[in-house]
Structures are given as structure tokens and as C-alpha cells.
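# Structural overview for review
These are the residues of each chain, in order.
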Protein chains: 2
Amino acid sequence: MSAVSIHHPLEGLFHPRSIAIIGASKSDRDTGWVGRLLSSGYKGKIYPVNPNAKEIDGLKAYPNIRDIPGVVEYAILNIPAHLTPQAILDCAAKGVKFVHCFTAGFSETGTKKASRLEARIAQIARDRGIRLLGPNCMGIYCPASRMTFNADFPQKRGPVAFVSQSGTEAMRLLFLAHDINIYFSKVISYGNAIDLDAPDFLEYLADDEDTKIIACYIEGSRQVARLTSAVKKCLQKKPVVVLKGGSTRSGAGAVAFHTASPTGSKASWDNFFKKTGAISANTMDEVADIIQTLSRIKPPKGRRVALVGRGGGIGVIAADICERASLEVPSFSNNTRKRLSQIISEVGISTQNPVETMTGMSGAVDFYLRGLSIVDEDTETDIILVQIAIDIYGGRNTDLTPEVRDAAYALCATADSLKKPLAVVLFTGGHPKATKEALITRRILTKAGIPVYSGVESASQAISKVIDYYGNDSGKTKTRFNYL
Amino acid sequence: MSAVSIHHPLEGLFHPRSIAIIGASKSDRDTGWVGRLLSSGYKGKIYPVNPNAKEIDGLKAYPNIRDIPGVVEYAILNIPAHLTPQAILDCAAKGVKFVHCFTAGFSETGTKKASRLEARIAQIARDRGIRLLGPNCMGIYCPASRMTFNADFPQKRGPVAFVSQSGTEAMRLLFLAHDINIYFSKVISYGNAIDLDAPDFLEYLADDEDTKIIACYIEGSRQVARLTSAVKKCLQKKPVVVLKGGSTRSGAGAVAFHTASPTGSKASWDNFFKKTGAISANTMDEVADIIQTLSRIKPPKGRRVALVGRGGGIGVIAADICERASLEVPSFSNNTRKRLSQIISEVGISTQNPVETMTGMSGAVDFYLRGLSIVDEDTETDIILVQIAIDIYGGRNTDLTPEVRDAAYALCATADSLKKPLAVVLFTGGHPKATKEALITRRILTKAGIPVYSGVESASQAISKVIDYYGNDSGKTKTRFNYL
């Protein structure tokens, strides 16, 4: 718990000292809420509520939340929708501050009856001073307090917060990020947002010292003006990446049956991005790539890319892709070429930008150890992008492991001494052996703080967007985000 | 060898009865040309030429090609550039028809001297009636004759030809395709193209009955008008996908040091695509995705996509992506919704388009077996796109294998009976266990003829481009490509 946010009214959402699960299933160690909290090591008290059970997962169960002897700060509703109004009244009687309504079956069903029920629980919560999370959402993941909505989520803490209107997208980003060694401070899946909404979380996260980067998946909000202010407030201190779901007609149609949020017009959201300067993403993979770019790439001095990788065609295609992403791939200085030609002895491979490494993984290792520092000193380029194609360099039938590890460690050994930002694109082609090596290589490189992308397109787009973000910072006040 | 092309003058390029390797290294079983041809099982005679060796890899070596007793139909030059003019003269004296100049160090080096040398070997070949492949290229892969430039290439034949100015890109596409069960008739890496150029290969492939789909990686050509005619001729019979390298300033700069081809203006290439109707691709992954779309997707009746997959957010984001790729995700008919609601019992998940499967991999299996046929009969959609997220449905810590296999086989079992085209997007997140399962699932599905993509973006773009291609066919003469 950070000093600044300790008294924030939403602090109890992430650090409740006790949680009641209303509608705990009798044996839910593997799949239910009690089991999740137990297996993640939640630090507070857990009170299962179920009128038909005496004990659940070794914990005493209560027929009603009102019967619990101790203080209950947080309740999760896991009961049929029509029972939620009474449950919230019971929570209010017990003095619960936060109710997470996991239950679905409200306005997203499209029926008037369900919408009326949703309005009624919103009204009850408002009247009784309860802050309601949801309905129709997965709730909170906070490794510091060990709250979680999935037993597979890592217990390791990190600097990224994710505010997501979709629980599945929260899972996707968590898993994508885990695989590139990126971890989270807080993740909030908030569903239909009938009370607590994106602006609430963002206002909190702006001052949360545990959070250095904020990502959002937003389908819509009833409070766009407040959302805009909250994002602006965050951006004064930390970068904000937003994936706006439902920004086409097809997408808006899908939102109606998901969270039933008001998706807004394309113009209004274009305006939101223009006014706030938030970084816009189109896919969850892109969100993950932008997070690792923000975390691991020093702000480049410009948009000129030095491309390193074996294969003339690979260099040509990468150069085209970079330029389409508003980057450039200019020629190296004469001095750089002269110095590179002293270490590259193979005929027919380029010492110009894009520069080629020599044959095989061993040629790549050699270049990482002797060539990268030359490229780093080139006056005509600002960023180094290394392409590694394990199945092309290493073949498919031999044991790739030693050579591929050598290459990964050679890159790590050199990376620290480089002045320019370094990014790596790792191709596999998908062959099981090459894929396995690629996963291990990615783990080694990302652990060393080197960003790894699955293609030049995703790398160049993420880098270009992050340069735009830094470029907006005319006052040069933005921190360098290099703490992962 | 097909009946139509047997007398084509280029037939000997793919089916020579004997090959001399001028500059065979003394022991090159693993890395050299003799070793490659031996290990791939090349069916003709192999003659190593090396003045300093008596025997190479168990084959008698000759000091000069003129010393070989038998007929030599094809020669590979693996010697320093300055020795190539005399070698080509020797080949001419021996009556060789095709010379593949693997040797690099010509115009792509940027020196006048090397460009003069290149002009000189072009002149010698022309004067002596030799067809020259290259220089600076990997040459021919033809599984029917077992010619290859990489011992790891599969011996299995398939219906795709690839005409590539880059050897590395040829390797990339071969490996990418192999992993989705797509195989080749002929692959040509042709480098600087000082004699044989893309139009030569395309004129041949238009009539080649072993080739049903043609892909090209072209950096430039000195014969754009002839290239345009050749592509048009091909397109009367089979689809042509073209990745034009060097179509930006950065890319053109890279081409100068790769094959030194005249890259042409953006306008001229836009015109090429407009005039020919060739399918344009920007990355090699996209080329592979377009090939599998052409091979495995029945021409859809329209652009309306039915999305299937667990997770509301996943559906929303996918719908946005589809619409950005000029597809639509409309509502299902009332009848479809009614029928789907009879098989979907879970609260809070959508029976509308995008439709959700129920919990876990078992929920997915259930939907594949009972829900897909309902979606297939929906009157408002034309294509079915199924999203599978193994680590989200299946978690990360249990043994995923049985459930994931069940899902793959359930999809295969249903696929055959569907009237609408079916496409699958397979996410992994990259976790080793989920990745392994995803690779196996991809193999099962692609073997059954179901196209598998790594994301909704790549799937929707490939499908949209293929619909455009079929749409150009106002006369409905284009074959249905469904033979993989």
C-alpha cells in the first residue's frame, strides 16, 4: 500500500481485510471464489455464505452475510440475478463498503425486465452508500493483497494497472504479459459499470504509486467527460494505453450483448484520444507490445531505425513495414559502413542498413558481440531493431539449444552498453523445436529488459506509437519508463 | 512432370538429369550443395567440380566441368565472383543449358567494377545460349525432382509455386507453410535476375499443371510490362499473390544492397495490381495466410462473419477488427438466436453474434458439436470464424491435452458438414504448455483442411483479400481452390 493512496476511498477495493462470498459453492476449491482466494493466498478473512452448507473448503459457512460475527469489508455476489437486490440490502445491513456483483443476466441480455433489475440494484447501492463493482464482471486482481479472480494468475507484483470492461480480455493481457515478463499492480474487470466506472479507477490509479503504466479496455462510459479528465490527470504522471472496444458498427453491436455500454460515436472517441494524448491500441496483443515498449525502450532521439538480421529480403520487407509505420530506415554513415566491412567477411551480404549477420546462429552471435556497438555509434540512426529467425539461421533438424542460448546471452551482454534503444523481433515459423527455443529466448531477453516482438509490424507500430507519445511531451517532463 | 509443360523450354530448370557443382567444397555433406542434393535424394547425376579434390562426399570430383564424361544439363556456381566468367564459358563448352550462379558480389555491392562483371556474365550467357539463374540467389527447390537448396525442406509435394527474389524469404515461406500443412510444387530464388526473371517463371507456371496457386516476392523487374502480361496469363487459370518488396523509400534503399533491382514507383506498382488483379500482400506471414485461405476456404457468399468464441470482449474486439478489414458482423436471425438459446444454458453469455461457447474447453467442444450447425444455417451470415484461446479456456496449470484434442477433433468432425466456409483463430498467449497444445491443434485442424490463423487481424485481412479476388471474377470462371 503506497503512502499517497492509503486514504483514497477506493483503497478498500484492492485491500479489503475481509471478503464474504455470497453464493459460495459447496466445493469450489478448484473453480469457485473461495478456492481462488485460498489458492492465491489472500491475506484477509474469507467468509463463505451459503444457507445449505456448514463448511466450505475448511471454512465455516454462514446462512446469511448478516450472521457473520466479524466485520465484512467486501462481498462477492455469486447468486442468481433476481436474488441480488436482497443480497445488497443484507450487505448494507452488515456495513459492507464494496460489493462485487459477479452475477450476470442484467442489461446485457437485452430484456426490459433485466434492465429494470439492474437499475434497481444500482439504486439500492446508491441509497445505502455501497460502491458496486459490476454487475457481470470478474472483479479485482491485486497481487499485493492476493485478491484474484483466477487461480492461475501470478503472485508477482509489477508496475502495470489494467482497467478492463472484459474479464476475458483481462485474462488475455495477463497471460500475454506474463509470457514477456510483465506484471501488474492492479487489474479491474468492471463489466456493466452501473456504479463504479473507468473514471473512478483512473482517478485512483493516477495517484497510486505502485502503478507506473495504465492500460484500459473500455467499451463505453456514461461519463465520457469525467473519463477524459481522469485520463488527462493520469497522463500528467504516467502513460495510458486505451483499447476502445465497439468502435465500429459491428463492434458496437457486439457491445450491446456484452456490457450494454453506450459505445459513443467514432468522432467522440477520436476527440477523446486527441484531447487526452492517450495511446490508442486496436488489439490486446498491441496493448501488450505498447506496454513493453514503454517499459523497456529508452525514448529514442528520432524515428530512424537500424535493422539487423540475416537475409536481404527480410531486411527489405522490414524496411517497407517500418516506413508504413512512420519510421525510416536510412543509410548508415560511411564511417559505420567502413567499420562494419572490417568485421563482415562474407561475400554478398549487406554492410549497409539493413545490415546482415553472417551464416547461422554463430554469425548472429558474432555480430551481437562485435557489430552492435558499431551500429550503436552510427550517426544516421536512432533505434536498433534486431530480427532473429531461429529456424532460418539454425535449421530445423539439429539441436538448436546451445547456439540459440549463445545468441540470447550475447544480445543481453551487449544490450546494457548500448546508448540507442534496442528491440528484438523473434520469428519461429511455428515448428515445435524452433518455437520452444524461441519461447526460451524470449524469456531470457525479456528478463534482461529487452523488448521482444513477434513481428516487424507489431514492433514498428508499437515503437512508432510510443515515439508519438514521447513527442507530445514538449516540456520533456515525461519520465523514462525503464523499470521492468 | 505434367503433360502440358513437358516441352516447355524451362522444364530443364526443374528436372535436370545431371547437375555439376563448380566449386564444391571438399567436405560439404552438411552445409554444401553436394550434401544438400544427396540428402534430399536428388534423382539425377551429381558431378562435384574442384581442382583440388579427387572425391567429394563419395562422388568422383573433376578439376573442370569440361572433364566430366557425361552430359551436364545444369551447373551451380559456388566460386568467387571474378572466376564466374571463365566458368560460364566452360559450361558453354560442355553444352550446359542452365547455370545457377549462387555466387554473390555483383551489382548489389554497389561498386562499378562488380556491376561491369555482372554485365559481362550476362553477355557471355546470352552469346552462348545459356539461361542464367541469378547471380546472388539460392536457386531451385522442386520436390518432384528432389532439387533443393536446403536439406531441411520437405520432400512432400504440394500445389503452391513460389517465385522469390530472396532466398531467405523462400525459406521463411516454406517453413511457415510447412507448419500449416501447405506444400510446394516449385520454389525459385532468383536474386539479381540478370537473365531469367519473374516473367520467365510465371509464363512457365501459368501452364504448369502441378501448380494451382502462385506466390511471388518481387523487388523489381527490368520487364514490368512482360511481368504484367505473365501475371494476367496466370490469373486466367490460378490465383497469384504478390509481395512487392521495396515499395517504400526505405525498402527501395534496402533493395539496392540486396538484388539491386529497379524497384519502380509506387504508382507503377499500384497500376500493376489494378491491371492484373493479383492479390497484394505486405508480409510473408500474410502470403502464407492468403495461400491457406485460397486453399481451404470455399468462396463465401458474402462478407458477413459469424464469430464464435468465449469472452464478450474477445467478440467485441474481433468484430471491430473484422469491420476494419471490410467484413461485417451482423446480428443473427431471430430463429438462430432462439435455437442457440436452447443449447446455451449459462447466464450472462451471448447467444447473439458474436456468440459465446460455455465454460472451459468442454464448453467449446459442446458448441462445436451442437452449435456450429445452427450458426451454419443462419441466414444473416456467410462465414464462420471460431476463436480458440487455449490458455483462457483451459487454464495454465492442468493437463490440457485431452480437452484440447477433444476440441480439435470436434471441430474436424463438424467442419465437413458445414455449408459455410470455416476459419479458426488460435491464440496461445505464448505459455509453453498452451503453445505446445496450440501447435498440435493447428496440425490437426490444418491436416483436416481447416485454415488456422494466429489472430483475428491476419484472418480477417486474408479472408477479405480473397473475397476481393473472387469478387473480381465477374464471369464466375474461377475454380474453387479446396484441394489442400
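Here is a short report on the structure shown in this document. What you see is a predicted model, and the numbers here were worked out from it, not measured in a lab. Counting of residues starts from 1 at the beginning of each chain's written sequence and follows it residue by residue. For this description, chains carry letters from A and ligands carry numbers from 1, given in the order in which they are written. Confidence filtering applies because this is a predicted model: local features only for residues at pLDDT of at least 70, side-chain atom pairs given and counted only at 80 or more, and all residues used for totals across whole chains, interfaces and linings. Derived side-chain values reflect all non-hydrogen atoms in the structure, with water molecules and hydrogen atoms excluded from consideration.

## Overview of the interface of chain B and chain A
How we decide: Residue contacts are defined here by distance: any two heavy atoms, one from each residue, within 4.5 Å place the two residues in contact. Buried area: the accessible surface (1.4 Å probe) lost by two parts on joining, summed over both. Salt bridge, as used here: a side-chain nitrogen of Lys or Arg that lies within 4 Å of a carboxyl oxygen of Asp or Glu. Working definition: helices are DSSP H or I runs of at least four residues, strands are E runs of at least two. Numbering for both runs from the N terminus. Here the term charged refers only to Asp, Glu, Lys and Arg, the term nonpolar to Ala, Val, Leu, Ile, Met, Phe, Trp, Tyr, Cys and Pro, and the term polar to all other amino acids, Gly among them.
On the chain A side, the residues contacting the 68 residues of chain B number 68 residues. In this assembly, chain B packs against chain A so that about 5200 Å² is buried in total across both faces, 59% of it on carbon and sulfur atoms. On inspection of chain B and its partner chain A, the count reaches zero salt bridges. Of all the secondary-structure elements, those providing two or more residues to the side of chain B that touches chain A are helix H5 (167-178), strand S12 (240-244), helix H8 (249-256), helix H11 (312-324), helix H15 (390-394) and helix H17 (432-447) of chain B. The leading source of residues in the side of chain B that touches chain A is H11 of chain B, at 11 residues. A per-class count over the side of chain B that touches chain A returns 22 nonpolar, 28 polar and 18 charged.

## A few points about the pattern of salt bridges
Heads up, the rule is: For the exposure calls, accessible area comes from a 1.4 Å probe over protein chains only, and a residue counts as buried if that area is under 20% of its type's maximum, exposed if over 50%, partly exposed in between.
Per the stated rule, a full pass over the model turns up 38 salt bridges over all chains. Notably, a salt bridge pairs Asp 376 of chain A with Lys 419 of chain A, separated by 3.6 Å at the nearest N-O pair. Separated by 43 residues along the polypeptide, Asp 376 of chain A in helix H14 (residues 372-376) and Lys 419 of chain A in the loop between helix H16 (401-415) and strand S16 (422-427) bring together distant segments of the chain. A residue is classified by how much of its surface remains accessible, and Asp 376 of chain A, at 6% relative accessible area, is buried. For the salt bridge of Arg 339 of chain B with Glu 377 of chain B, the shortest nitrogen-to-oxygen distance reads 2.8 Å. One end of the pair, Arg 339 of chain B, is in helix H12 (residues 334-343); the other, Glu 377 of chain B, is in the loop between helix H14 (372-376) and strand S15 (383-389), with 38 residues separating them in the sequence. Residue class for Arg 339 of chain B comes out partly exposed when judged on its relative accessible area of 28%. A single network of salt bridges, built from pairs that share partners, joins Arg 131, Asp 195, Asp 200, Glu 203 and Arg 226 of chain A.

## A look at the side chain of Asp 378 of chain B
All names here are of chain B. What counts, and what does not: For the charge count, each Lys or Arg is scored as positive and each Asp or Glu as negative, with His and the chain ends excluded. The term polar contact refers here to a pair of N or O atoms within 3.5 Å; inside protein, the definition further demands a hydrogen-donor-capable atom paired with an acceptor-capable atom, and it admits residues adjacent in sequence only when both atoms are side-chain atoms.
Residue position: Asp 378 is located in the loop between H14 and S15. Buried and unpaired, Asp 378 has Lys 420 as its nearest opposite-charge partner, separated by 4.5 Å. Here the side chain of Asp 378 touches Ser 333 through a polar contact of 2.9 Å, landing on its backbone nitrogen. Here the side chain of Asp 378 touches Thr 381 through a polar contact of 2.8 Å, side chain to side chain. Each residue touching Asp 378, except ones within four places of it in the same chain, is listed here: Phe 332, Ser 333, Thr 336 and Lys 420.

## Quick word on the environment of Asp 366 of chain A
Residue and element names in this part refer to chain A. Position of Asp 366 among the secondary structure elements: in helix H13 (residues 360-370). Considered as a pair, Asp 366 and Asp 406 are 40 residues apart in the sequence and their alpha carbons are 9.9 Å apart. Those residues in contact with Asp 366 that lie beyond four places of it in its chain are Ile 343, Met 358 and Gly 371.

## Some remarks on the relation of the copies chain B and chain A
Put simply, the rule is: A least-squares superposition brings the copies together, and it is based on the C-alpha atoms of residues with pLDDT no lower than 70 in both.
Once chain B is rotated about the relating axis by 180° and shifted along it by 0.0 Å, it coincides with chain A to within an RMSD of 0.0 Å. Put plainly, the chains are arranged around a two-fold axis. Looking at the interface residues of chain B, 100% of them are also at the interface in chain A, so both copies use one shared face.

## Some words on the pairing of strand S9 (residues 157-164) of chain B
Residue and element names in this part refer to chain B. Going by this rule: By the convention used here, strands pair only if DSSP detects at least 2 bridges between them. Clockwise travel from the first strand over the helix to the second, with the strands pointing away from the viewer, marks a crossover as right-handed.
Across the eight residues of S9, seven count as buried, placing the element largely inside the fold. With six bridges joining them, S9 and strand S10 (residues 184-189) adopt parallel strand pairing. Residue pairing for S10: Val 160 is matched across the bridge by Phe 184. Taking the sense of rotation as the criterion, the β-α-β connection linking S9, H5 and S10 turns out right-handed.

## Some points on the nonpolar core
Quick note on the threshold: Remark: nonpolar core denotes a set of buried residues (Ala, Val, Leu, Ile, Met, Phe, Trp, Tyr, Cys) joined through side-chain atoms within 4.5 Å.
By size, the foremost hydrophobic cluster in this structure holds 298 residues, and its most contacted members are Leu 13, Leu 133 and Ile 388 of chain A together with Leu 13, Leu 133, Leu 202 and Ile 388 of chain B. When residues no more than four places from it in sequence are discounted, the contact partners of Leu 133 of chain A are Leu 13, Tyr 74, Val 99, His 100, Cys 101, Gly 139, Ile 140, Ile 188, Ser 189, Tyr 190, Leu 196 and Phe 201 of chain A.

## A short note on the side chain of Asp 90 of chain A
Tracing the sequence through the fold places Asp 90 of chain A in helix H3 (residues 84-94). Setting aside its immediate chain neighbours within four residues, Asp 90 of chain A contacts Asn 64, Ile 65 and Arg 66 of chain A.

## Side note on the sheet that holds strand S9 (residues 157-164) of chain A
All names here are of chain A. What counts here: Axes here refer to lines fitted to C-alpha atoms; in helices the fit is confined to the stretch in contact. Angles between the N-to-C directions go from 0 to 180 degrees.
If you walk across this open sheet you meet the six strands as S8-S10-S9-S11-S12-S13, and the pairing is mixed. Each having just a single partner strand, strand S8 (139-141) and strand S13 (279-281) make up the two edges of the open sheet. The average angle at which neighbouring strand axes cross in this sheet is 20°, direction not considered. Examined bridge by bridge, strand S12 (residues 240-244) and S13 share three bridges and lie parallel to one another. By the bridge assignment, Val 242 is partnered in S13 with Ser 280. Sitting on the sheet, helix H9 (residues 266-276) touches strand S11 (213-218), S12 and S13, and the angle it makes with S12 is about 175°.

## Here's the deal with the packing of helix H3 (residues 84-94) of chain B against helix H4 (residues 112-128) of chain B
Residues and elements named next belong to chain B. For clarity, the threshold we go by: When an angle is under 35 degrees it counts as roughly parallel; over 145 it counts as roughly antiparallel; between 65 and 115 it counts as roughly perpendicular; any other value is oblique.
Running from N to C, H3 and H4 cross one another at 10°; their axes reach a closest spacing of 9 Å. Taken as axis vectors, H3 and H4 run roughly parallel relative to one another. Taken together, the residues of H4 that come into contact with H3 (itself represented by Thr 84, Pro 85, Ile 88, Leu 89 and Ala 92) are Leu 117, Arg 120, Ile 121, Ile 124, Ala 125 and Arg 128. In the contact of H3 with H4, the residues fall into eight nonpolar, one polar and two charged.

## Here's the deal with the packing of aromatic side chains
Residues and elements named next belong to chain A. Using the following cut-off: Centre distance within 6.5 Å is the pairing criterion for rings of Phe, Tyr and Trp, where only the six-membered ring of Trp is used; planes under 30 degrees apart are then read as stacked, over 60 as edge-to-face, and the remainder as tilted.
Using the criterion set out here, one finds 20 aromatic pairs over all chains in the structure. Seen in terms of ring centroids, Tyr 190 and Phe 201 are 5.3 Å apart; in terms of plane orientation they differ by 55°. Their pairing is tilted. Of the two residues, Tyr 190 sits in the loop between strand S10 (184-189) and helix H6 (198-206) while Phe 201 sits in helix H6, which places them 11 residues apart along the sequence. Of the two residues, Tyr 190 and Phe 201, both sit in the buried class. Pairwise contacts between aromatic rings join Tyr 141, Phe 149, Phe 153 and Phe 175 into one cluster.

## Quick word on the environment of Ser 25 of chain B
Residue and element names in this part refer to chain B. When you line up the elements, Ser 25 lands in the loop between strand S1 (18-22) and helix H2 (33-40). Since its relative accessible area comes to 31%, Ser 25 is described here as partly exposed. Taking the C-alpha atoms as reference, Ser 25 lies 18 Å from Tyr 42; in sequence the two are 17 residues apart. What Ser 25 contacts, discounting residues up to four positions off in sequence, is Asn 50 and Ile 56.

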